Amino acid sequence: MRIATWNVNSVNARLETVLAWVDQAQPEVLCLQEIKCVDEKFPSEPFESRGYNIEVHGQKSYNGVALLSKFPITDVRRGLPGDDTDEQARYLEGLIEAETPVRVAAIYLPNGNPVGTEKFLYKLRWFQRLHNHASELLRLEERLALCGDYNVIPEPVDAKNAAAWKDDALFQPESRAAFRGLISLGLYDSHELGGEPDGTYTFWDYQAGAWQRDHGIRIDFALLSPQAADAFSGIETWRDARDMDKPSDHVPVVVTLTP
DNA sequence: ATGGTAGACCTTCTA
């Protein structure tokens, strides 16, 4: 089973681009981030006609995540536990009823810029909630894939020019420590399982010719439970998607698990 | 030192 994750930067503005890629890659499961619309505005029809079941956790203008699957989706959780007052739509989880079920979460971590503001504190609090929830999920001992835009550059090697990010929320010691802490619960980074080479980035800013100069960063990850890691058979980072017409600033990452 | 781009949408915020 192929599980894709992609921050699309508005599913409606990006619809043709997203569908063109879906028709090419045909993942069985697709996690979308930054759909930037409420549930009712999600363009369900073209995905349903391609055989996807759809779950959406949307929000007006900002954020928003979706989970699409050619297998039935059950046990759906909208929103990350731990703060009932949090109104930002950044987490959607469901059980993919494949031959061997896989629990999949679509995650859009807060950006957190600028550092030193409430936004950065919100990012760290959100990370702590994700840590707590992931810890609970791991106790289930299921196949689990936590997929999405983590908005963290874990290591200098994950940026073309790490020095350029030293004041950015994505590269702060606290952000990087939170990511390491999550991994240390016993998750496996599919990028490392697949042995992808350095320079395999997933995001290039629209500004300042970042793509043309390959000033990229790796911030999109699929973190796997031990049971999912045992079934891991490959990872593809679709760099070419950054060169499509009307590209997202992120590219899709696809993880393959054996049946 | 600054600006550069993209999207939602009403005017500025987010990234």
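Residues numbered from 1 in each chain as written. Chains lettered and ligands numbered in written order. Predicted model: local features only at pLDDT ≥ 70, side-chain atom pairs only at ≥ 80, totals over all residues. Heavy atoms only, no water.

Draft legend 1. Geometry of the packing of aromatic side chains. Within this structure, the stated rule accounts for 8 aromatic pairs. Ring centres 5.4 Å apart and planes at 85° place the aromatic pair Trp-21 and Trp-238 in the edge-to-face group. Here Trp-21 is found in helix H1 (residues 15–25), whereas its partner Trp-238 is found in the loop between strand S13 (232–237) and strand S14 (253–257), with 217 residues between them in sequence. Classification of Trp-238 as buried rests on a relative accessible area of 19%. Judged by centre distance (6.4 Å) and plane angle (80°), the ring pair of Tyr-201 and Trp-204 falls under edge-to-face. (Phe/Tyr/Trp six-rings, centres within 6.5 Å; stacked < 30°, edge-to-face > 60°. Helix = DSSP H or I, 4+ residues; strand = E, 2+ residues; numbered from the N terminus. Buried < 20%, exposed > 50% of the residue type's maximum accessible area, 1.4 Å probe, protein only.)

Draft legend 2. The arrangement of the protein's contact with DNA strand B in detail. Inspection of the region around DNA strand B gives 15 residues, with Ser-10, Arg-14, Ser-61, Lys-119 and Gln-207 positioned closest. Considering the 4 Å shell around the protein, atoms of DNA strand B inside it are sugar or phosphate in 67% of instances. Take Arg-90: an N or O atom from its side chain is 3.2 Å from a phosphate oxygen of DNA strand B. For DNA strand B, a sugar or linking oxygen lies 3.5 Å from a polar atom in the backbone of Tyr-206. Among the residues forming the surface near DNA strand B, the class breakdown is 4 nonpolar, 5 polar and 6 charged. (Near = heavy atom within 4 Å. Polar contact = N/O pair within 3.5 Å; in protein donor to acceptor, adjacent residues only side chain to side chain. Nonpolar A, V, L, I, M, F, W, Y, C, P; charged D, E, K, R; others polar.)

Draft legend 3. Inspection of the sheet that holds strand S6 (residues 91–96) at higher detail. In spatial order, the strands read S5-S6-S7-S8-S12-S9; together these 6 strands make up an open sheet with mixed pairing. Across the chains shown, the open sheet's two edge strands, defined by having one partner strand only, are strand S5 (73–78) and strand S9 (188–189). Bridge count between strand S8 (residues 143–149) and strand S12 (residues 220–224): 5 bridges; the pairing is antiparallel. Bridging from a neighbouring strand, Ala-145 pairs with Leu-224 of S12. Sheet contacts for helix H3 (residues 118–138): S5, S6, strand S7 (102–108) and S8; angle to S6, the most-contacted strand, approximately 15°. (Pairing = 2+ DSSP bridges. Contact = heavy atoms within 4.5 Å. Axes fitted to C-alpha atoms, helices over the stretch in contact; angles between N-to-C directions.)

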